[in-house]
Amino acid sequence: MHVIRLATQNFRNLEDGELFPCKGVNVIYGGNAQGKTNLLESLWLFTGGHSFRGAKDAELPKLDVQKGTNTSKASLALDFHSEERDQSAVLNFENGRRNSVINGVKKKTGSALIGKVCAVIFSPEHLLLIKEGPARRRGFLDGALCQMKPGYAGLLSVYNRSLLQRNALLKDISRYPELEDTLSVWDLRLAKLGAEVMRERGKYLERLAPKVHGVYAGISKNHEEIQISYSPSVKNYVENLSLPDAEQAFLEELARTRNTDLRSGFTNSGPHRDDFEIMLDGFSARVYGSQGQQRSTVLALKLAEAELLSDFTGETPIVLLDDVMSELDQSRQDYLMNHLHGRQVFLTCCSPETVELLKTGMRFRVEAGKVF
Ligand code: ATP
Ligand code: MG
């Protein structure tokens, strides 16, 4: 897929206007705090996801400097080519809520856009994927799966709701011990939903691993080898377990940890505690990786995510790269630019000379929210 036109209205610091990118590499350059990341964010929001910077929807409309608050409305419009036809989408933010219009049809939510526009984003925040704890890595898996399989978002939210209910019950049992009889009902429910989540994540990582391996070998010129593997919180879960067996494994784990759960008032095991390991030449990338290696690792994960998304949906996702070049040496930068051939890319940087443009490249300068 590719973007034909983006229009922004009252969004962040951007001046209202339009952008007509090319099908290849679009370099967005300018000094700090001019609006480059804001521009990428406006594109990303069409995936139906949350802001990759963790911003709330109410924070996206332009700030009213006099009042010291955000204005109430912002609007984004996108013309894009996907599924062999030109399509359009509008995304409105109003009083902290979203609605959308897809090909002229009004939708009550912004999430109606999920699966329409597909994109992969790399931003400096994503380095936390390596540096921080497992929540970030689960977030990566879930974000990727939500775009690939729209039903996954629903599955995850039902699982999370059931988890909250089981945790509430665990707390109630300390006051009303007779309620413990009802715990097994929640165990069954959680195990059934959790087994599906584990299977999806396990299968996803299994498909992702060889792609990450290939991309990383290219970035590092085979200097080091990367390995990723699923570390499910349910210890007896192994690769390719059938759904009933996965459910059984989770049920057994819940039975084993029941007393700990009752004491702590929450569920200590399950997909909400999952992680995946990232190793470089057999050592943890988080503990031992250099800045450049960690950046290359995240990049490999993101580019592999894009490849898998293309395989699965038949559409090439747009690639959004925010400040990706710093900390990458020339050979890693060269690999990246060559690897991106055949995709539409939006890449931000401070000085455009550092980015070699491929044949179909374009450059846009951003200054005080205005795009030239
Ligand atoms: P850098 O090179 O430092 O990453 P950037 O060009 O990517 O800079 P942005 O993150 O896009 O910068 O932010 C540009 C400006 O937009 C910042 O000064 C920021 O404070 C401002 N900004 C953020 N949200 C809003 C908003 N809702 N309304 C108005 N301005 C905003
Ligand atoms: Mg930025």
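Above this text sits the structure in question.
What you see is a predicted model; the values in this text were computed from it and never measured.

The rules behind each value
Residues numbered from 1 in each chain as written. Chains lettered and ligands numbered in written order. Predicted model: local features only at pLDDT ≥ 70, side-chain atom pairs only at ≥ 80, totals over all residues. Heavy atoms only, no water. Near = heavy atom within 4 Å. Polar contact = N/O pair within 3.5 Å; in protein donor to acceptor, adjacent residues only side chain to side chain. Helix = DSSP H or I, 4+ residues; strand = E, 2+ residues; numbered from the N terminus. Nonpolar A, V, L, I, M, F, W, Y, C, P; charged D, E, K, R; others polar. Expected span 1.5 Å × (residues − 1). Buried < 20%, exposed > 50% of the residue type's maximum accessible area, 1.4 Å probe, protein only. Contact = heavy atoms within 4.5 Å. Salt bridge = Lys/Arg side-chain N within 4 Å of Asp/Glu carboxyl O. Phe/Tyr/Trp six-rings, centres within 6.5 Å; stacked < 30°, edge-to-face > 60°. Lys NZ or Arg CZ within 6 Å of the ring centre and 35° of its normal.

Participant: Tell me about the site of ligand 1, and name the residues and values.
Facilitator: As a matter of local geometry, ligand 1 sits amid 17 residues, with A33, K36, T37, R53 and L63 nearest to it. Here a nitrogen atom of ligand 1 and a backbone polar atom of P61 are 3.0 Å apart. Measuring from a nitrogen atom of ligand 1, one finds a backbone N or O atom of L63 at 2.8 Å. Sort the elements by how many residues they give to the shell around ligand 1 and helix α1 (residues 36-44) lands first, with 3 residues. Classifying every residue of the shell around ligand 1 by side-chain character gives 4 nonpolar, 8 polar and 5 charged.

Participant: Would you mind going over helix α4 (residues 150-175) in detail, with residue names and values included?
Facilitator: Relative to the 38 Å expected for 26 residues at 1.5 Å per residue, α4 spans 40 Å between its end C-alpha atoms, a close match to the ideal helical length. Those residues of α4 lying buried are Y152, L155, L156, Y159, S162, L163, R166, N167, L169, L170 and I173. Buried residues belonging to α4 abut α3 (134-148), α5 (183-219), α6 (243-256) and α7 (258-264).

Participant: Could you give me a rundown of the pattern of salt bridges, with the residues and numbers involved?
Facilitator: In this structure the tally under the stated criterion is 25 salt bridges. One salt bridge connects E83 with K116, and the closest N-O pair in it is separated by 3.8 Å. Here E83 is found in the loop between β6 (73-82) and β7 (85-94), whereas its partner K116 is found in the loop between β9 (105-107) and β10 (119-122), with 33 residues between them in sequence. Across the pair R137 and D275 runs a salt bridge whose closest N-O atoms are separated by 2.6 Å. Taken together, the residues span a long stretch of sequence, with R137 in helix α3 and D275 in strand β12 (residues 275-280) at a distance of 138 residues. For the pair R137 and D275, a shared accessibility class is recorded, and that class is buried. Each of the salt bridges in this network shares a partner with another, and the network as a whole consists of R166, E180, D187, R258 and D261.

Participant: Now, about the packing of aromatic side chains: what can you tell me, with residues and values included?
Facilitator: Enumeration according to the criterion identifies 3 aromatic pairs in this entry. On the basis of an interplanar angle of 45° and a centroid distance of 6.1 Å, the ring pair of F140 and F276 is categorised as tilted. Taken together, the residues span a long stretch of sequence, with F140 in helix α3 and F276 in strand β12 at a distance of 136 residues. Between F283 and Y288, the aromatic rings sit 5.6 Å apart at their centres with planes inclined by 75°, giving edge-to-face as the arrangement. Comparing F283 with Y288 shows no difference in burial state: the two are exposed. Positioned above the aromatic ring of F372, the side-chain terminus of R365 is 4.6 Å from the ring centre.

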